[in-house]
Amino acid sequence: MIVAIDGPAASGKGTLARRIAGHYRLPHLDTGLLYRGVGQIMRDRGFPLDNVEIAAAIAENLDLADLDAEKLRTREAGEAASVVAAHGPVRRALLDLQRAFAAQAGGAVLDGRDIGTVIAPGAEAKLFVTASPQERARRRFRELVGRGECADTDEALAAVLADIARRDERDSGRADAPLTVAADAVTLDTTDLGIEQAVAAALAAVEARRR
Ligand SMILES: Nc1ncnc2c1ncn2[C@@H]1O[C@H](COP(=O)(O)OP(=O)(O)OP(=O)(O)O)[C@@H](O)[C@H]1O
Ligand SMILES: Nc1ccn([C@@H]2O[C@H](COP(=O)(O)O)[C@@H](O)[C@H]2O)c(=O)n1
């Protein structure tokens with residue numbers, strides 16, 4: 001079974017993808033990490049993020065095994081990821097890797113922005129996980145404060161909300177594989193759901209599709 005999970009930044013799709021993968025003992029790929037990896041390498045090497053050719057060459061040579069998920073969780077890497085993710089050649093360079101992951105025997109769970117629409121349009125179960133921008137900003141803010149990456153102030157929360165709004169606009173407004181709800185996806189709004197409630201709802205939606 002392939003489970004495709006899409007949604008905007010900090011909606012909780014990664015949390016749900018990990019739990020669904022654990023429940024069904026399926027491998028999981030957080031596809032945002034690929035774009036974060038390309039963006040971070042561009043930053044580390046001092047390349048402008050709008051250099052499409054260099055970004056595509058980095059994407060072509062990206063090795064999943066080299067990606068350090070912890071290091072790539074920073075705000076800067078997320079911001080860089082959303083810039084390079086708008087380049088068509090970067091997306092095309094990362095296509096085969098993601099499709100091969102999805103096609104492995106036994107199935108897989110993938111989360112991102114275009115899994116149900118582009119990477120695995122034939123997935124048995126598709127979820128579109130969302131929450132209000134304010135709630136997503138609060139979740140991301142709490143995470144960043146917990147990691148000591150931002151101050152626990154109203155101004156810092158407002159800055160995180162602005163980051164989220166900018167990323168939403170970029171991800172939904174780009175020409176190539178924009179963030180959109182697949183026609184056959186189940187939308188799960190987690191604004192008023194705790195993690196365990198969201199997991200239960202997600203598993204119920206996947207089970208309904210398996211039958
Ligand atoms: N339903 C929920 N209620 C409260 N907090 C949640 C919920 N789901 C996830 N979280 C928390 O919100 C934060 C963001 O969740 P997560 O990383 O799963 O989102 P994401 O959509 O994968 O983010 P990104 O797009 O940036 O990778 C995490 O700290 C997570 O623990
Ligand atoms: N399938 C995907 C996954 C991610 N992106 C872009 O990467 C950015 C970071 O993703 P996170 O899930 O780690 O937040 C995201 O803002 C997208 O721009 C993508 O385009 N397609």
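Each chain has its residues counted from 1, running along the sequence as written. Chains and ligands are labelled sequentially in the order written, the chains with letters from A and the ligands with numbers from 1. With the structure being a predicted model, the display of local features is reserved for residues of pLDDT at least 70 and the display and counting of side-chain atom pairs for 80 or more, all residues being used for whole-chain, interface and lining totals.

Time to look at the overall build of the protein chain. What the protein chain contains, in helices and strands, is 10 helices and 5 strands. Projected onto its principal axes, the C-alpha coordinates of the protein chain cover approximately 50 × 40 × 30 Å. Counting only residues that meet the buried cut, the protein chain has 45% of its 211 residues in that class. By the criterion used throughout, residues are in contact when their C-beta atoms, derived from the backbone, lie within 7 Å. Considering only residue pairs separated by 6 or more positions, the protein chain has 77% of its internal contacts joining residues 24 or more positions apart. Secondary structure is summarised from DSSP: a helix means a run of H or I of at least four residues, a strand means a run of E of at least two, and numbering begins at the N terminus for each. Exposure classes come from backbone-placed C-beta atoms, where a residue is buried if 20 or more other C-beta atoms lie within 10 Å of its own, exposed if 12 or fewer do, and partly exposed in between.

Expected span of a helix: the number of residues minus one, times 1.5 Å. Taking 1.5 Å of rise per residue, 16 residues should cover 22 Å, and helix α10 (residues 195-210) covers 22 Å from first to last C-alpha, within 8% of that figure. Next to the buried residues of α10 lie β1 (2-6), α1 (13-24), β4 (125-130) and β5 (186-189).

Nearness here has a simple definition: the residue's C-beta atom, placed using the backbone, must lie within 6 Å of the molecule or strand. What surrounds ligand 2 is a group of 14 residues, the closest being G32, Y35, S82, A85 and G112. Listing elements by their share of the shell around ligand 2, those giving two or more residues are α2 (32-44), α4 (75-84) and α9 (154-173). Residue composition of the shell around ligand 2, grouped by class: 4 nonpolar, 5 polar and 5 charged. In this classification, Asp, Glu, Lys and Arg are treated as charged, Ala, Val, Leu, Ile, Met, Phe, Trp, Tyr, Cys and Pro as nonpolar, and every other residue, Gly included, as polar.

Right, let's talk about the UniProt feature "domain: Cytidylate kinase" (unreviewed entry) in the protein chain for a bit. With numbering matched to this structure, UniProt assigns "domain: Cytidylate kinase" (unreviewed entry) to residues 3-206. In this annotation, residues 3-206 is assigned 53% helix and 11% strand; the end-to-end C-alpha distance for the span is 8 Å. UniProt positions are given in the numbering used here, feature names are shortened, and annotations may be inferred rather than shown by experiment.

Moving on, we get to the UniProt feature "binding site: ATP" (unreviewed entry) in the protein chain. The sites that UniProt annotates as "binding site: ATP" (unreviewed entry) are G7, P8, A9, A10, S11, G12, K13, G14 and T15. Here K13 shows up in helix α1. Those residues in contact with K13 that lie beyond four places of it in its chain are I5, D6, G7, D111 and V129.

Turning our attention to the sheet that holds β5. One open sheet holds the 5 strands; their spatial order is β2-β3-β1-β4-β5, and the pairing between them is parallel. Only two strands of the sheet have a single neighbouring strand rather than two, namely β2 (28-30) and β5. With strand direction ignored, the average angle separating the axes of adjacent strands in the sheet is 20°. Summarising the sheet, β1 and β4 pair through 4 bridges and their orientation is parallel. Directly across from V3, in β4, lies its bridge partner A125. Angles run from 0 to 180 degrees between N-to-C directions of axes, and those axes are lines fitted to C-alpha atoms, restricted for helices to the stretch in contact. Of the strands in this sheet, β1, β4 and β5 are in contact with α10, which crosses β4 at around 155°. Note on pairing: two strands pair once DSSP finds at least 2 bridges between them.

What follows deals with the site of ligand 1. Taken together, 18 residues form the shell around ligand 1, and within it G12, G14, T15, R139 and E143 come nearest. Counting residues per element, the ones that place at least two in the shell around ligand 1 are α1, α8 (133-146) and α10. Of the residues assigned to the shell around ligand 1, the class counts are 5 nonpolar, 9 polar and 4 charged.

The predictor attaches a confidence to each residue, called pLDDT, with possible values from 0 through 100. Per-chain confidence: the protein chain averages 96 in pLDDT, with 100% of residues scoring 70 or above. Prediction confidence for the complex, expressed as pTM and ipTM, is 0.96 and 0.98 respectively.

Let's shift gears to unusual backbone geometry. Positive phi values are uncommon outside glycine, yet A10 reaches one of about 60°. Inspection of the secondary structure assignment puts A10 in the loop between β1 and α1. The exposure class of A10 is buried, given the 23 C-beta atoms found within 10 Å. A positive phi angle, close to 55°, is found at R25, a residue other than glycine. Its place among the elements puts R25 in the loop between α1 and β2. Exposure remark for R25: the 8 C-beta atoms within 10 Å place this residue in the exposed category.

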